[in-house]
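# Fold and contact review
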Amino acid sequence: MDNDVKIIAFCCNWCSYAAADLAGISRIQYPCSVRIIRVMCSGMVHPDMILHALNQGADGVMLIGCHLGECHYQDGNHKALARMEILEEILTDLGYKKEQLQTTWVSANEPNMLVDAVYDMNERLLELKSAGQ
Ligand code: FES
């Protein structure tokens, strides 16, 4: 059932990718519907990349970075957050649902938080799909 949706997760190198790595090392199960793309910082994810993922068939896109105030490039995640808020409005205008986007902050030692966020997203997208949206 997990793999009925496709999730693209952009994870910053320093915290969220490290958390995903730790989840793997710790053998914490997470939905196989997620495909992780490692980026140096959440602030480096251009909105075009998110739009491209959705246009290419992703059911949802997650942007996962360091906690606010802990970005390794100072304010990259603040910029990412501002962009995501605007992008949410644009995507709604284009016919996508707000639920298809998720922004999450985790530190490298919070693999469970990352996994929980992926499960939440997976669940939400399955609900959207079963509602025919
Ligand atoms: S380095 Fe993680 S959000 Fe910027």
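In this report, the structure presented in the accompanying data block is examined.

This brings us to the pattern of salt bridges. Inspection of every chain in the model, using the stated rule, returns two salt bridges. Across the pair Asp59 and Lys129 runs a salt bridge, and its minimum N-O distance is 3.9 Å. Taken together, the positions of Asp59 in the loop between helix H2 (47-55) and strand E3 (60-65) and Lys129 in helix H4 (residues 111-130) put the pair 70 residues apart, joining distant regions of the chain.

Attention now moves to helix H3 (residues 76-93). The terminal C-alpha atoms of H3, which comprises 18 residues, lie 26 Å apart, in line with the 26 Å expected from a rise of 1.5 Å per residue. All of the buried residues in H3 are Gly76, Asn77, Ala80, Met84, Leu87 and Leu91. Seen from one end, H3 has its buried residues packed into an arc of 75°, which puts them on one side. Among the exposed residues of H3, those oriented more than 90 degrees off its buried face are Ile86 and Asp93. Buried-residue contacts for H3 involve H2, E3 and strand E4 (101-105).

As defined by bridge partners, strand E1 (residues 7-12) adjoins strand E2 (residues 34-39) across six bridges and the pair is classed as parallel. Across the sheet, the residue bridging to Cys12 is Val39, located in E2. Running through helix H1 (residues 16-25), the crossover from E1 to the neighbouring parallel element E2 is right-handed.

Before going further, it helps to examine the environment of Ser130. Within the secondary structure, Ser130 sits in helix H4. There is a polar contact of 3.1 Å between the side chain of Ser130 and the backbone oxygen of Glu127.

Pairs of packed helices are described in terms of their axes, by the angle between the two and the distance that separates them. Close contact between H1 and H4 brings their axes to 8 Å; oriented N to C, the two are set at 90°. Taken together, the axis directions place H1 and H4 in an arrangement best described as roughly perpendicular. Within the contact between the two elements, H1 uses Ser16, Ala19, Ala20, Leu22 and Ala23 and H4 uses Pro111, Leu114 and Val115. Partitioning the contact of H1 with H4 into residue classes produces seven nonpolar, one polar and no charged.

Turning to unusual backbone geometry, a few remarks are in order. Notably, Arg27 is not glycine yet its phi reads approximately 60°, a positive angle. Tracing the backbone through its elements, the reader meets Arg27 in the loop between H1 and E2. You will see that Gln74, though not glycine, has its phi angle at about 70°, which is positive. Along the polypeptide, Gln74 turns up in the loop between E3 and H3. We classify Gln74 as exposed; its relative accessible area is 70%.

Reading guide: rules and limits
Residues numbered from 1 in each chain as written. Predicted model: local features only at pLDDT ≥ 70, side-chain atom pairs only at ≥ 80, totals over all residues. Heavy atoms only, no water. Salt bridge = Lys/Arg side-chain N within 4 Å of Asp/Glu carboxyl O. Helix = DSSP H or I, 4+ residues; strand = E, 2+ residues; numbered from the N terminus. Expected span 1.5 Å × (residues − 1). Buried < 20%, exposed > 50% of the residue type's maximum accessible area, 1.4 Å probe, protein only. Arc of directions from axis to C-beta. Contact = heavy atoms within 4.5 Å. Pairing = 2+ DSSP bridges. Right-handed = clockwise from strand over helix to strand, strands pointing away. Polar contact = N/O pair within 3.5 Å; in protein donor to acceptor, adjacent residues only side chain to side chain. Axes fitted to C-alpha atoms, helices over the stretch in contact; angles between N-to-C directions. Parallel < 35°, antiparallel > 145°, perpendicular 65-115°, else oblique. Nonpolar A, V, L, I, M, F, W, Y, C, P; charged D, E, K, R; others polar.

Nothing here speaks to function; it is geometry throughout.
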